[in-house]
Amino acid sequence: LVASAMAAAFFASPSMRVGRKRPLLDAAREALESWFGAASGEDRCIRVEADAVTPPALQRRARHAVAQCAPGQHFDVRRALQTARAALPRGTALLAIGDWYDLDVALDRDLADLGARFDCTVLVARDPWYDSLLLGGSVRLRGVEGGMFRADGGPRDRAAYAEAVREREAALLARFAAA
């Protein structure tokens, strides 16, 4: 009898470090705790990183199951997905968590390949300002992924922002469903 494998890849981009009440990163860590909390005593729990997987003998608790980059560094999603494909056994229950803001459409083939090989679950961290952008008047903004810009927080701009966020999320969910 072979034990099943549970793996997680956690994509902690700079935008995962923001949130309205708490950082998205904290919510993602709670999801990891629940994921690995469901593991039975015989399950192997594996952390997927850009260039390696943590051996099951070293990996059992969710607090260790985080593949992320240091602040200011870019996590290589493509390499992490390719590492998962090469290293994990077929049928692994794979959880991938991130906000996926920079998920290149060139990765759709890799996503489909993972979907065919593994039992994949993707958690998409929702934009903290999905329901409303709390701005009024002209404001100067600093993007969490870099860059400064000016924005007018009038009703039209808030509505346009909300529509763009919803469209982006719907398109992203459709890509994952297709994979």
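Computed from a predicted structure; not experimentally measured.

Calculation notes
Residues numbered from 1 in each chain as written. Predicted model: local features only at pLDDT ≥ 70, side-chain atom pairs only at ≥ 80, totals over all residues. Heavy atoms only, no water. Helix = DSSP H or I, 4+ residues; strand = E, 2+ residues; numbered from the N terminus. Buried < 20%, exposed > 50% of the residue type's maximum accessible area, 1.4 Å probe, protein only. Polar contact = N/O pair within 3.5 Å; in protein donor to acceptor, adjacent residues only side chain to side chain. Pairing = 2+ DSSP bridges. Axes fitted to C-alpha atoms, helices over the stretch in contact; angles between N-to-C directions. Contact = heavy atoms within 4.5 Å. Salt bridge = Lys/Arg side-chain N within 4 Å of Asp/Glu carboxyl O. Parallel < 35°, antiparallel > 145°, perpendicular 65-115°, else oblique. Left-handed = near helix turned anticlockwise from the far one by under 90°. Nonpolar A, V, L, I, M, F, W, Y, C, P; charged D, E, K, R; others polar. Core = buried A, V, L, I, M, F, W, Y, C linked by side-chain atoms within 4.5 Å.

Novice: I would appreciate a short explanation of the environment of Ser15 in the present structure.
Specialist: Relative to the helices and strands, Ser15 resides in the loop between strand 1 (5–10) and helix 1 (24–37). Judged by relative accessible area, Ser15 falls into the buried class, the value being 3%. Along the chain, Ser15 and Leu25 lie 10 residues apart, while their C-alpha atoms are 9.0 Å from each other. Of the polar contacts made by the side chain of Ser15, one reaches the side chain of Asp99; its length is 2.2 Å.

Novice: Can you help me understand the sheet that holds strand 4 (residues 119–124) in this one?
Specialist: Two strands in a sheet stick together by hydrogen bonds in their backbones, pointing the same way (parallel) or opposite ways (antiparallel). Read across the sheet, four strands follow the order 2-1-3-4 without closing on themselves; strand pairing throughout is parallel. Two strands bound the open sheet, and with one partner strand each, they are strand 2 (44–47) and strand 4. Adjacent strand axes in the sheet meet at a mean angle of 15° when their direction is disregarded. Direction of pairing for strand 1 relative to strand 3 (residues 93–98): parallel, over a ladder of five bridges. Across the sheet, Ala8 pairs through a bridge with Leu95, a residue of strand 3. Across the face of the sheet, helix 1 comes into contact with strand 1, strand 2, strand 3 and strand 4 while running at roughly 175° to strand 1.

Novice: Please explain the pattern of salt bridges as it appears in this structure.
Specialist: Opposite charge on two side chains lets them pair, provided their charged atoms get close. Enumeration according to the criterion identifies five salt bridges in this entry. Glu30 is the salt-bridge partner of Arg22, the closest N and O atoms lying 2.7 Å from each other. A relative accessible area of 37% means that Arg22 is categorised as partly exposed. Two residues, Arg78 and Asp110, come together in a salt bridge whose shortest N-O distance is 3.0 Å. Of this pair, Arg78 sits in helix 2 (residues 77–87) while Asp110 is found in helix 3 (residues 108–117), placing the two residues 32 residues apart along the sequence.

Novice: Looking at this structure, how should I read the packing of helix 2 against helix 3?
Specialist: Working note: a packed helix pair is described by the angle between its axes plus the distance between those axes. In the contact formed by helix 2 and helix 3, the axes pass within 10 Å of each other and the chain directions differ by 25°. With respect to their mutual orientation, helix 2 and helix 3 come out roughly parallel. For the element pair helix 2 and helix 3, the recorded crossing hand is left-handed. Contacts from Arg78, Leu81, Gln82, Ala84 and Arg85 of helix 2 reach helix 3 at Asp110, Leu111, Asp113, Leu114 and Arg117. For the contact of helix 2 with helix 3, a count of residues per class yields four nonpolar, one polar and five charged.

Novice: Would you mind going over the nonpolar core with me for this structure?
Specialist: Side chains that are nonpolar tend, in soluble globular proteins, to be buried together. Among the nonpolar cores identified, the biggest contains 21 residues, and Phe11, Val48, Val77, Leu88, Leu94, Trp100 and Leu103 are the most heavily contacted of them. Only strand 1, helix 2, strand 3, helix 3 and helix 4 (155–178) provide two or more residues apiece to this core. The element best represented in this core is helix 2, accounting for four residues. Contacts of Leu88, omitting those with residues within four sequence positions, involve Ala7, Ile46, Val48, Val53, Thr83, Leu94, Arg117 and Phe118. Counting 17 residues, the second largest nonpolar core, distinct from the first, contains Phe10, Met16, Leu24 and Trp35.

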